[in-house]
Amino acid sequence: MHIPWKRSGTNYVLADVLGGIAEQLDWNANVLRVLWVLLTISPFPGLIVYLILWLLMEKPDQYVR
């Protein structure tokens, strides 16, 4: 089972999940990363959600280094 969003091949830090979400929603990836850190240190299980999205999102067509 995959969701139709792709992970980012250009805007990534760890597993390119937040960069892919930011590209799909046309948001700034750094703002999304700050929100993710805040959710991760709060009682909300941000790390678990991140790992689930990493498994469900499609791989990018190519990586650009």
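The preceding data block contains the structure.
Residues numbered from 1 in each chain as written. Predicted model: local features only at pLDDT ≥ 70, side-chain atom pairs only at ≥ 80, totals over all residues. Heavy atoms only, no water.

Q: Pulling in residues and values, what's your account of the packing of helix 1 (residues 17-25) against helix 3 (residues 46-56)?
A: Two numbers describe how helix 1 lies on helix 3: the axes approach to 10 Å, and their chain directions differ by 75°. Viewed along their axes, helix 1 and helix 3 adopt a mutual orientation that is roughly perpendicular. Of the residues in helix 3, those in contact with V17, L18 and I21 of helix 1 are Y50, L53 and W54. Looking at the contact of helix 1 with helix 3 residue by residue, the classes come out as six nonpolar, no polar and no charged. (Axes fitted to C-alpha atoms, helices over the stretch in contact; angles between N-to-C directions. Helix = DSSP H or I, 4+ residues; strand = E, 2+ residues; numbered from the N terminus. Parallel < 35°, antiparallel > 145°, perpendicular 65-115°, else oblique. Contact = heavy atoms within 4.5 Å. Nonpolar A, V, L, I, M, F, W, Y, C, P; charged D, E, K, R; others polar.)

Q: Hey, could you go over the packing of helix 1 against helix 2 (residues 29-41) for me, with residue numbers and the actual values?
A: Running from N to C, helix 1 and helix 2 cross one another at 125°; their axes reach a closest spacing of 9 Å. Taken together, the axis directions place helix 1 and helix 2 in an arrangement best described as oblique. The way helix 1 lies across helix 2 gives a crossing that is right-handed. For the pair helix 1 and helix 2, the contacting residues are L18, G19, I21 and A22 in the first and A29, L32, R33 and W36 in the second. A class-by-class count of the residues in the contact of helix 1 with helix 2 yields six nonpolar, one polar and one charged. (Left-handed = near helix turned anticlockwise from the far one by under 90°.)

Q: Mind laying out a nonpolar patch on the surface, listing which residues take part and the relevant values?
A: The grouping of V31, V34, L35, V37, L38 and I41 at the surface amounts to a nonpolar patch, some 560 Å² of accessible area in total. One can find V34 in helix 2. (Patch = residues over 30% accessible without salt bridge, like charges linked within 9 Å, V, L, I, M, F, W, Y side chains within 5 Å. Areas by Shrake-Rupley, 256 points an atom, 1.4 Å probe, with all protein chains shown as cover. Salt bridge = Lys/Arg side-chain N within 4 Å of Asp/Glu carboxyl O.)

Q: Could you give me a rundown of the nonpolar core, with the residues and numbers involved?
A: Within the largest apolar cluster, nine residues are counted, these being A15, V17, L18, I21, A22, A29, L32, Y50 and M57. For this core, the secondary-structure elements that each account for two or more residues are helix 1 and helix 2. Per-element tally for this core: the top contributor is helix 1, with four residues. Setting aside residues no more than four positions away along its own chain, L32 makes contact with L18, I21, A22 and W27. (Core = buried A, V, L, I, M, F, W, Y, C linked by side-chain atoms within 4.5 Å. Buried < 20%, exposed > 50% of the residue type's maximum accessible area, 1.4 Å probe, protein only.)

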